[in-house]
Amino acid sequence: MEGILLKQYGGFYFVYAQGESYTCRIRGSLKRNGTIYPGDYVKIQRIGAQDGVIEEILPRKNEMIRPKMANIDQCLIVLAVSDPEPDMLLLDKILLWNEKNDIRPIICFNKCDLAPQKGQMLLEIYQKAGYCAFCNSNINSDMAGWGFLSKELSGKATVLAGPSGVGKSSLINAMFPDVHLETGQISDKLGRGKHTTRFAQLLALGEENTFLADTPGFSLLELPHMTEEELQAGFGEIAPLAQHCRFQPCLHDKEPGCAVKEAVAAGQIDGERYKRYLYLLEQIRQQKERWEND
Ligand SMILES: Nc1nc2c(ncn2[C@@H]2O[C@H](COP(=O)(O)OP(=O)(O)OP(=O)(O)O)[C@@H](O)[C@H]2O)c(=O)[nH]1
Ligand SMILES: [Mg+2]
Ligand SMILES: [Zn+2]
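The rules we used
- Residues numbered from 1 in each chain as written.
- Chains lettered and ligands numbered in written order.
- Predicted model: local features only at pLDDT ≥ 70, side-chain atom pairs only at ≥ 80, totals over all residues.
- Helix = DSSP H or I, 4+ residues; strand = E, 2+ residues; numbered from the N terminus.
- Rg over C-alpha atoms; globule rule 2.2 N^0.38 Å.
- Buried ≥ 20, exposed ≤ 12 C-beta atoms within 10 Å, placed from the backbone.
- Contact = placed C-beta atoms within 7 Å.
- Axes fitted to C-alpha atoms, helices over the stretch in contact; angles between N-to-C directions.
- Left-handed = near helix turned anticlockwise from the far one by under 90°.
- Nonpolar A, V, L, I, M, F, W, Y, C, P; charged D, E, K, R; others polar.
- Domains from an automatic or database assignment.
- Pairing = 2+ DSSP bridges.
- Near = placed C-beta within 6 Å.
- Core = buried A, V, L, I, M, F, W, Y, C linked by C-beta atoms within 7 Å.

## Points about the overall build of the protein chain
In terms of regular secondary structure, the protein chain is built from eight helices and 13 strands. The C-alpha atoms of the protein chain give 21 Å as radius of gyration, which agrees with the globular expectation for 294 residues (19 Å, within 12%). Projected onto its principal axes, the C-alpha coordinates of the protein chain cover approximately 70 × 50 × 40 Å. Per-residue burial over the protein chain gives 37% buried out of 294 residues. In the protein chain, the proportion of contacts linking residues at least 24 apart, taken out of those at least 6 apart, comes to 63%.

Put into structure tokens, the structure is as follows:
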């Protein structure tokens, strides 16, 4: 039977096949051959009613390293507008990874009950940059974005990403009453989440080919290996303006007659996003230097 790996836990592999979940072992040779991620399509041999053995891992369409997941269509990036404070650089880096891996990003600004105006402001910036984004609250249903999100999830495999404590597991619990994932408080002392979710797991949402993966939160993320041009392409509001710059190509840094800098000055591009672009540009230049010296 062909199925999809939902999660891996305590030496067991939970595989979803033909509407049922099977608890599986894996052939030793497969285990030695490297990694298997949630989202991997596998062939299993059934043993009894609910058990099986994974016989084969089918080729991957794509994979994500952070969080670890295979065969993903979309990444639902969750940031809290407050508690913890939104890590905008992390968001922009996750967007670059998505672009690099051809995964469609969806951005959720969560906990908008705590700071609704800030949520609206961030929403506008990212919508204007061309991203699919929405505001949400899991505790004030008037501010919930569940209806919008459930349409976006339909028929796709989606993975959650974002820092600890932003409400990823809470969002799934709020949207799907049959699901009861563990959630955790924010640490008062550090103002951060406590890494409540410990391993990634894919949930089958009933509708055909519709999966959503809860994952552990993370805050450190390297930049993908990319060129300066690729960085520019990953900023949806910057790339289209490049053709209007005086210098070709223009990286919108120190070049005169730069249409991007003019748009920043005119308030058409968010100044903070542009600053992060410059910061990442510098990171990529240093990355390149390190390779050349290696
Ligand atoms: N005010 C407010 N609190 C929320 C909201 N969503 C979640 N929370 C709270 O935020 C805390 C963290 O929620 P979790 O769902 O555990 O966060 P997580 O992103 O899954 O965190 P990790 O599993 O550690 O990565 C909990 O105390 C939730 O009750 C929201 O929309 N508004
Ligand atoms: Mg969680
Ligand atoms: Zn320019």
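## With respect to the packing of helix H2 (residues 88-101) against helix H8 (residues 271-293)
Each pair of packed helices can be summarised by the angle the axes make with each other and by the distance between the axes. The geometry of H2 relative to H8 is characterised by a closest axis approach of 11 Å and an angle of 65° between their N-to-C directions. Viewed along their axes, H2 and H8 form a crossing whose handedness is right-handed. Here H2 contributes Met88, Leu89 and Asp92 to the contact with H8, which in turn contributes Glu272, Arg276 and Leu280. When grouped by side-chain class, the residues that make up the contact of H2 with H8 number three nonpolar, no polar and three charged.

## Looking at the domain arrangement of the protein chain
Assigned domains of the protein chain: these are domain 1 (2-57), domain 2 (63-214) and domain 3 (228-293). Measuring from the centre of the C-alpha atoms in domain 1 to the corresponding centre in domain 3 gives 45 Å.

## Some thoughts on the pairing of strand E12 (residues 201-204)
Where E12 meets strand E13 (residues 211-214), four bridges bridge the pair, whose relative direction is antiparallel. Its bridge partner being in E13, leucine 203 is matched across the sheet by leucine 212. Turn length for the E12-E13 hairpin, with the two strands adjacent in sequence and antiparallel, is six residues, and the turn residue glycine 206 shows positive phi of about 90°.

## Here's the deal with the site of ligand 1
Near ligand 1 there are 24 residues, and of these Gly167, Ser170, Thr183, Thr197 and Gly217 occur at the shortest range. Per-element accounting of the shell around ligand 1 gives the leading share, three residues, to helix H5 (residues 168-175). Residues that form the shell around ligand 1 fall into these classes: five nonpolar, 16 polar and three charged.

## Brief notes about the sheet that holds strand E8 (residues 74-80)
Strand order in the open sheet formed by six strands is E10-E9-E8-E11-E13-E12, and the pairing between neighbours is mixed. This sheet does not close on itself; its edge strands, each paired only once, are strand E10 (132-135) and E12. Sheet twist, expressed as the average angle between the axes of neighbouring strands with direction ignored, equals 25°. Sheet topology note: the E8/strand E11 (residues 157-161) ladder contains four bridges and is parallel. When the sheet's bridge partners are listed, glutamine 74 is paired in E11 with threonine 158. Together, strand E9 (104-110) and E10 form the strand contacts of helix H3 (residues 116-128), whose direction differs from that of E10 by roughly 170°.

## Section: the environment of arginine 290
Inspection of the secondary structure puts arginine 290 in helix H8. Residues arginine 290 and methionine 121 lie 169 residues apart in sequence; the distance between their C-alpha atoms is 37 Å.

## Comments concerning the environment of isoleucine 65
Mapped onto the elements of the fold, isoleucine 65 is located in strand E6 (residues 63-65). Taking the C-beta count within 10 Å as the criterion, isoleucine 65 has 13 such neighbours and is therefore assigned partly exposed. Separated by 83 residues in sequence, isoleucine 65 and phenylalanine 148 place their C-alpha atoms 27 Å apart.

## With respect to the sheet that holds strand E2 (residues 12-17)
Strand order in this closed barrel of five strands is E1-E2-E3-E5-E4, and the pairing throughout is mixed. The average undirected angle you get between the axes of adjacent strands in this sheet is 50°. The pairing of strand E3 (residues 20-26) with strand E5 (residues 51-57) spans four bridges and is classified as parallel. Counterpart to arginine 25 in the pairing with E5 is valine 53.

## What to know about the nonpolar core
Within the largest apolar cluster, 56 residues are counted, with the highest numbers of intra-cluster contacts made by Val15, Ile77 and Phe109. Top element by residues in this core is E8. It accounts for six residues. Counting contributing residues, this core receives three or more from each of domain 1 (2-57) and domain 2 (63-214). Other than its neighbours up to four places away in sequence, valine 15 contacts Gly3, Ile4, Leu5, Leu6, Tyr22, Cys24, Val42, Ile44, Gly52 and Ile54.

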